[in-house]
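# Structural overview for review
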Amino acid sequence: MPQVLDPTDERTPIRRSLTPRPEMISGTVGLLDISKPRGNVLIDQLEVRLRGRLPGVSFKRYSKPTFTKPAPDDLRRQILEECGFVIEALAD
């Protein structure tokens, strides 16, 4: 079983587990740019490659206001309502 490492500074770590993965990807995939430098370049390339491999899937782009804080609740709710999957990407 994969081990999930949490880089946050939690004095008492929260136990987390991976969400069960579906057998196929369908519907809408959200691409979340966390607003680090060149993150948009990474997301652009990722979207091009995924579109080639997943022709029946649609993609929606999102961006956090800053990489230094978690995504705002309203952004997380929007992604949850609009997407079945999300990929969060960063770059420097």
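Residues numbered from 1 in each chain as written. Predicted model: local features only at pLDDT ≥ 70, side-chain atom pairs only at ≥ 80, totals over all residues. Heavy atoms only, no water.

So, on to the environment of P13. Note that P13 resides in the segment before β1 (28-33). Accessibility expressed as a relative area gives 62% for P13, which makes it exposed. With 19 residues separating them in the primary sequence, P13 and L32 have C-alpha atoms 25 Å apart. (Helix = DSSP H or I, 4+ residues; strand = E, 2+ residues; numbered from the N terminus. Buried < 20%, exposed > 50% of the residue type's maximum accessible area, 1.4 Å probe, protein only.)

Once that is clear, we can look at the packing of aromatic side chains. Per the stated rule, a full pass over the model turns up zero aromatic pairs. Looking at K36, its charged tip hangs above the ring of F67, at a distance of 5.1 Å from the centre. (Phe/Tyr/Trp six-rings, centres within 6.5 Å; stacked < 30°, edge-to-face > 60°. Lys NZ or Arg CZ within 6 Å of the ring centre and 35° of its normal.)

A separate point is the layout of surface pockets. Taking a probe equal in size to a water molecule and rolling it over the atoms shows the remaining empty space. By volume, the second largest pocket amounts to about 410 Å³. Taken together, 13 residues form the lining of the second largest pocket, with L32, R76, I79, V86 and E88 sitting closest to its centre. Of all the elements in the fold, those that place two or more residues in the lining of the second largest pocket are α2 (73-82) and β3 (85-89). Among the elements that line the lining of the second largest pocket, the one with the most residues is β3, at four residues. For the lining of the second largest pocket, the per-class residue count stands at nine nonpolar, one polar and three charged. (1 Å grid on protein atoms, 1.4 Å probe; cavity = no way out; pocket = protein on both sides within 12 Å on 5 of 7 lines; lining within 4 Å. Points joined across faces, edges and corners; volume = space filled by probe spheres on them. Nonpolar A, V, L, I, M, F, W, Y, C, P; charged D, E, K, R; others polar.)

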